[in-house]
Amino acid sequence: MKKITVLIGTLLGTLLGASFAHAATLSVSDCWIRSMPSNLPSSGYFVVANNGNAPAKLVGAETPAFGMAMLHKSENNGSTATMSHVESADVPAHGTLRFAPKGYHLMLEDASKPLKVGSTIPLSLTFADHSKVSTTCTVKPASALGN
């Protein structure tokens, strides 16, 4: 019984340690959100940096300011622009993933209250290894194009 307890403890420690170690290699910067009327969807943008030796996979996001946050990607195909939901986005080892207008972005719906330009809201990103990285996003006018 003692061997089983030690084995389970070792496995849990390894799994949890790997998750926290991966989170320690990831950081988020330049987060901002468009201020839109609360009955319209908004969008969020940021940069994820991965200083680790392994790639990471962004799989979700959440913020108390919105009831729903989904990963989306906009693409131009000639004269047609499309936007679609994506399940994940890769952050390369020793690289960055940029969520920016006309590319990857967060689609934010069901605002809990109107957002005030200049205010900040918390955002938590979730990765495939179940690690989370939190940041604060600045609310910018609907006309904003970037940082």
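To be clear, the structure that these remarks concern was listed above.
Residues numbered from 1 in each chain as written. Predicted model: local features only at pLDDT ≥ 70, side-chain atom pairs only at ≥ 80, totals over all residues. Heavy atoms only, no water.

K.L.:
So what exactly am I meant to see when it comes to the pattern of salt bridges here?
P.N.:
For side chains bearing opposite charge, pairing can occur when the charged atoms are close. Enumeration over the complete set of coordinates arrives at two salt bridges. Put simply, Asp-90 and Lys-57 hold a salt bridge, and the shortest N to O gap is 2.8 Å. One end of the pair, Asp-90, is in strand S6 (residues 89–91); the other, Lys-57, is in strand S3 (residues 56–62), with 33 residues separating them in the sequence. Looking at Asp-90, the relative accessible area reads 47%, which means it is partly exposed. The exposure class assigned to Lys-57 is partly exposed, which follows from its relative accessible area of 35%. (Salt bridge = Lys/Arg side-chain N within 4 Å of Asp/Glu carboxyl O. Helix = DSSP H or I, 4+ residues; strand = E, 2+ residues; numbered from the N terminus. Buried < 20%, exposed > 50% of the residue type's maximum accessible area, 1.4 Å probe, protein only.)

K.L.:
Could you clarify how one ought to interpret the environment of Lys-116 in this entry?
P.N.:
Residue placement: Lys-116 occurs in the loop between strand S8 (104–111) and strand S9 (120–127). Between the alpha carbons of Lys-116 and Ser-35 there is a distance of 6.9 Å; along the sequence they are 81 residues apart.

K.L.:
I'm lost on the pairing of S9 in this one. Help?
P.N.:
On any regular strand, side chains alternate: one points to one face of the sheet, the next to the other face. Summarising burial for S9: six of the eight residues are buried, a large majority. Direction of pairing for S3 relative to S9: antiparallel, over a ladder of four bridges. Pairing of Ala-61 across the sheet is with Leu-125, part of S9. Judged from the seven bridges that link them, S9 and strand S10 (residues 132–140) form a sheet pairing that is antiparallel. Within S10, the residue paired with Pro-122 across the bridge is Thr-136. Remark: four residues form the turn of the hairpin made by S9 and S10, two consecutive strands paired antiparallel; His-130 in that turn has positive phi of roughly 75 degrees. (Pairing = 2+ DSSP bridges.)

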